[in-house]
Amino acid sequence: MQRRLIGVFDSGVGGLSVARHIDRDLPNTSFIYFGDTYYVPYGEREPQEVVRLIDKICHHLLESKAEALVMACNTSSALAYDHVKAWSPVPVIGIIEEAAQAALQASRHGRIGVLANMLTASSGAYERACAKHKDESAHKSAEVFPVGCPKLVPLIEKGQVSGAEAEAALREYWQPLLNNGVDTVIFGCTHYPFLRPLLEKIAGPDIAIIDPAYYVAEHLKRLGFEAENEGEGCYEPAERIYQVSGDADKFAQTAEILLGYKIGRVDHINL
Ligand code: DGL
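Nothing here was measured: the structure is a model prediction, and the numbers come from that model.

Some thoughts on the environment of Met-118
Consideration 1: Its location among the elements puts Met-118 in helix 5 (residues 118-123).
Consideration 2: For the pair Met-118 and Tyr-39, spaced 79 residues apart in sequence, the C-alpha to C-alpha distance is 15 Å.
Consideration 3: Excluding its chain neighbours within four sequence positions, the residues that come into contact with Met-118 are Gly-43, Glu-44, Gly-148, Cys-149 and Pro-150.

Structure representation (structure tokens):
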């Protein structure tokens, strides 16, 4: 019997920070991961172009029989969640709303920083999500401080998550958050959780760090994916399929650096 399949996508390697949780927490559920590496970084593109790229990827994943679409990408969640949800025949999972709720819970003083690419930072998506949920939290007057971080994705796409260049870039983007007295920081880009050791070093132990990737696996479980795959029956092994629009070998090499294990075969696909 075929296992149920989830479609997961991002502009590049960033969504692997989400896929690794699905890999670990839903071992009996198959997934197909699409990295749009030919077009990475999304943060430097026009919003309409990014929405067009996302539509193509979602159609491809649905043609591949995905039964849920996971936007393992803040930019997609910020710009195209409502749009894709309106036409998709399967559930669409964004990553912003639950991260905003978690940040409101974790924050001590309601001062929340968001490190993101330029598009997500200027979209207002995290401000809206926090505004929607702040009345349920202890922080009725929570404030959100987004910072656009254009240098980070190109470094992470090369596997450069430590060293002087990555540290200097992260310090530059951390400074305005420090100036604003934030006590909580959201990784507003799925690439950035790979910089977590560096951010912990720079920000220190008193800052709560929220990784939106953490909440996606729980969401999928709530939708019944893993439970249904665990039922009686003669199942095929769960599959992990990796596809990219750019260089497949480069993606596999960077993935190994970031995850610390080999992901296996990566296929190049022209959409
Ligand atoms: N990792 C993606 C995100 O979460 C996209 C980053 C980019 O390509 O700029 O927004």
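Some words on the site of the ligand
Consideration 1: Around the ligand there are 14 residues in total, and Ser-11, Tyr-42, Asn-74, Thr-75 and His-191 lie nearest to it.
Consideration 2: A distance of 2.7 Å separates an oxygen atom of the ligand from a polar backbone atom of Asn-74.
Consideration 3: Within the side chain of His-191, one N or O atom sits 2.8 Å away from a nitrogen atom of the ligand.
Consideration 4: For the ligand, whose free accessible area comes to 300 Å², the fraction covered by protein is 99%.

A few points about the sheet that holds strand 5 (residues 111-116)
Consideration 1: Strand order across the open sheet formed by four strands is 6-5-7-8, with parallel pairing between neighbours. Each having just a single partner strand, strand 6 (143-148) and strand 8 (208-210) make up the two edges of the open sheet. Here the average twist between neighbouring strands, direction ignored, is 25°.
Consideration 2: Across three bridges, the pairing between strand 7 (residues 184-187) and strand 8 is parallel. What sits directly across from Thr-184, in strand 8, is Ala-208.

Describing the nonpolar core
Consideration 1: Leu-16, Leu-115 and Leu-220 are the most contacted members of the largest nonpolar core, which has 58 residues in total.
Consideration 2: No other element matches helix 8 (residues 164-179), which puts six residues into this core.
Consideration 3: For Leu-115, the residues in contact, after removing those within four places along its chain, are Val-147, Cys-149, Leu-170, Tyr-173, Leu-177, Val-185, Ile-186, Phe-187, Gly-188, Cys-189, Tyr-192 and Leu-199.

Rules behind the numbers
- Residues numbered from 1 in each chain as written.
- Predicted model: local features only at pLDDT ≥ 70, side-chain atom pairs only at ≥ 80, totals over all residues.
- Heavy atoms only, no water.
- Helix = DSSP H or I, 4+ residues; strand = E, 2+ residues; numbered from the N terminus.
- Contact = heavy atoms within 4.5 Å.
- Near = heavy atom within 4 Å.
- Polar contact = N/O pair within 3.5 Å; in protein donor to acceptor, adjacent residues only side chain to side chain.
- Areas by Shrake-Rupley, 256 points an atom, 1.4 Å probe, with all protein chains shown as cover.
- Pairing = 2+ DSSP bridges.
- Axes fitted to C-alpha atoms, helices over the stretch in contact; angles between N-to-C directions.
- Core = buried A, V, L, I, M, F, W, Y, C linked by side-chain atoms within 4.5 Å.
- Buried < 20%, exposed > 50% of the residue type's maximum accessible area, 1.4 Å probe, protein only.

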